[in-house]
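Summary of the model geometry
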Amino acid sequence: MAYETLTEKTAGEYARAKANIFSKNSELECKEIGDGNLNLVFRVKEKTPGGKSVIIKQSMPHARIDKSIIAPLERADIESEMLVLYNQITPNLSPKIYFYDKEEYAIIMEDLSAYIVLRKGLIRGNLYPHLAEHMGEFLARSLFFTSDLGLDPLKKKAMQKKFINPDLCKITEDLVFSNPYFDASNNKIDPEIRTRAERNWVDDELKSAVAVLKEKFMTQGQALIHGDLHTGSVFVTADSTKIFDPEFAFFGPMGFDIGAILGNVILNYLSQEWHLKNSDNKKAYQRYLLDTFRGIWMIFSHRFRELWNSSVTTPMESNPVYRENYMKRLFSDSIGYAGCKMARRIVGLAQVEDIRSIPDAEVRAKVQIAALDISREFIIQRDKYYSIEDVIGTVQNYPL
Ligand code: SR1
Ligand code: MG
């Protein structure tokens, strides 16, 4: 069948025909619920109380947010393969796939409607006591077992051929590593922060540090990374975490995934200057966010070292001096990429609800400028931080 985009009218019967989930005669209801930047997303549900439901995610040949951005349909091949892989190497931390349709570029998967997108949960000030543990475990296992530390080099190279993702990498190269640092036509810059944003365009120290991180993103096939691991790519409940949306996956630097989640936690921390401004809870919630930030790195690095000690078999890589040198570089990359991921959400095309939903222009500008200043520190100082505590110090000492 030739590719055709699904609609609320067609997606229900499509799901019934393709996935062995719904009974023949059940009445189905369908809603398009996509609010991301790229794809169509439908929820199909049996109308009966307690009826079954699924999610269908379908690629379109361009980005939803900007039709001039090329985003090939084949990204759905990558996403479906990634979700299968995640279900194997990081069990229970991603949605299950029921069916992948290669002709329609549509994935039929588990409906996680009991969950909330982490970004929205954090904006509401919810606590997720297991988040750091689950993210740390996910990062350690997904990165270790797809790197040369945990994978046979021939298998890794065979996977590298399969997971080449040039157009989606180009989106990141432009939107994260280039456009925020010059007057790009698709930047979105609030007038109140224009002067601060323009300061970055003439900041050669910052721009050369970002160029180094960009070079690493483009050249270091360290592990099979998710590629877009912000708080909008994670579903949560109080005791469960599911990582989804790995359509940007490719073999790149591990720190890009770690930094993505860390940077987005800091954006939420800053946005609480508005969301919890009238609450006694603001300081406590910001402390919780910094605990989560610290916890993700600590649990990741602890589990990663454990996997290293138990599973690295080659003599060269078993060396503990090399291991600690690797961890140091990983830490520095993660903080640098956290900074890059923060800045792109302040001045670039695709921004984040945490900050865009602040209606008061003055408060929003204060938060945006804080994000740009902290992001600069993260990028420039990344090799000089001794521990995650020092990085937290940069955030805590910032005069908000
Ligand atoms: C054109 S796509 C814009 C952004 O949305 C995705 O979530 C990625 O972060 C991408 O950079
Ligand atoms: Mg996405």
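Residues numbered from 1 in each chain as written. Chains lettered and ligands numbered in written order. Predicted model: local features only at pLDDT ≥ 70, side-chain atom pairs only at ≥ 80, totals over all residues. Heavy atoms only, no water.

1. Some thoughts on the overall build of the protein
Heads up, the condition is: Comment: elements are numbered from the N terminus, with helices defined as DSSP H or I runs of at least four residues and strands as E runs of at least two. What the globule rule says is 2.2 Å times the number of residues to the power 0.38, and the radius of gyration is computed from C-alpha atoms. Think of it in three bands: residues with accessible area under 20% of the maximum for their type are buried, residues over 50% are exposed, and the middle band is partly exposed, with areas taken using a 1.4 Å probe on protein chains only. Any two residues whose heavy atoms approach within 4.5 Å at even a single point are treated as in contact. Surface accessibility follows the Shrake-Rupley procedure with a 1.4 Å probe radius. Residue values consider only the protein chains on display as shielding.
Tallying secondary structure elements over the protein gives 15 helices and ten strands in all. Scaling as 2.2 N^0.38, a compact globule of 400 residues should have a C-alpha radius of gyration of about 21 Å, and the protein matches this with 21 Å. Out of the 400 residues in the protein, the part that is buried amounts to 58%. For the protein, contacts bridging at least 24 residues in sequence account for 72% of all contacts bridging at least 6. Element-wise, carbon and sulfur atoms account for 53% of the exposed surface of the protein, whose accessible area totals about 17200 Å².

2. Points about the domain arrangement of the protein
Which entries qualify depends on this criterion: Here the limits of each domain have been adopted from an automatic or database domain assignment. Buried area: the accessible area, evaluated with a 1.4 Å probe, that two parts lose upon being put together, summed over both parts. Salt bridge criterion: a side-chain nitrogen from Lys or Arg within 4 Å of a carboxyl oxygen from Asp or Glu.
By domain assignment, the protein separates into domain 1 (8-110) and domain 2 (116-396). Put simply, the middle of domain 1 and the middle of domain 2, counted by C-alpha atoms, are 26 Å apart. With 26 residues of domain 1 at the contact, the number on the domain 2 side is 31 residues. When domain 1 packs against domain 2, the two sides together hide about 2300 Å² of surface, and 68% of this comes from carbon and sulfur. Contact with domain 2 buries surface across domain 1, with Ile78, Tyr86 and Leu93 losing the most and accounting together for 26% of the total. Seen at the junction of domain 1 and domain 2, the total is five salt bridges. The partner of glutamate 247 in a salt bridge is lysine 57, with the nearest N and O atoms 3.7 Å apart.

3. Here's the deal with the state of the cysteines
Convention followed: Whenever a pair of cysteine sulfur atoms sits within 2.5 Å, that pair is classed as a disulfide.
Inspection of the entire model under this criterion finds zero disulfides. For the unlinked cysteine cysteine 340, the closest cysteine sulfur is that of cysteine 169, found at 15 Å. Cysteine 340 sits in the buried class, given a relative accessible area of 0%.

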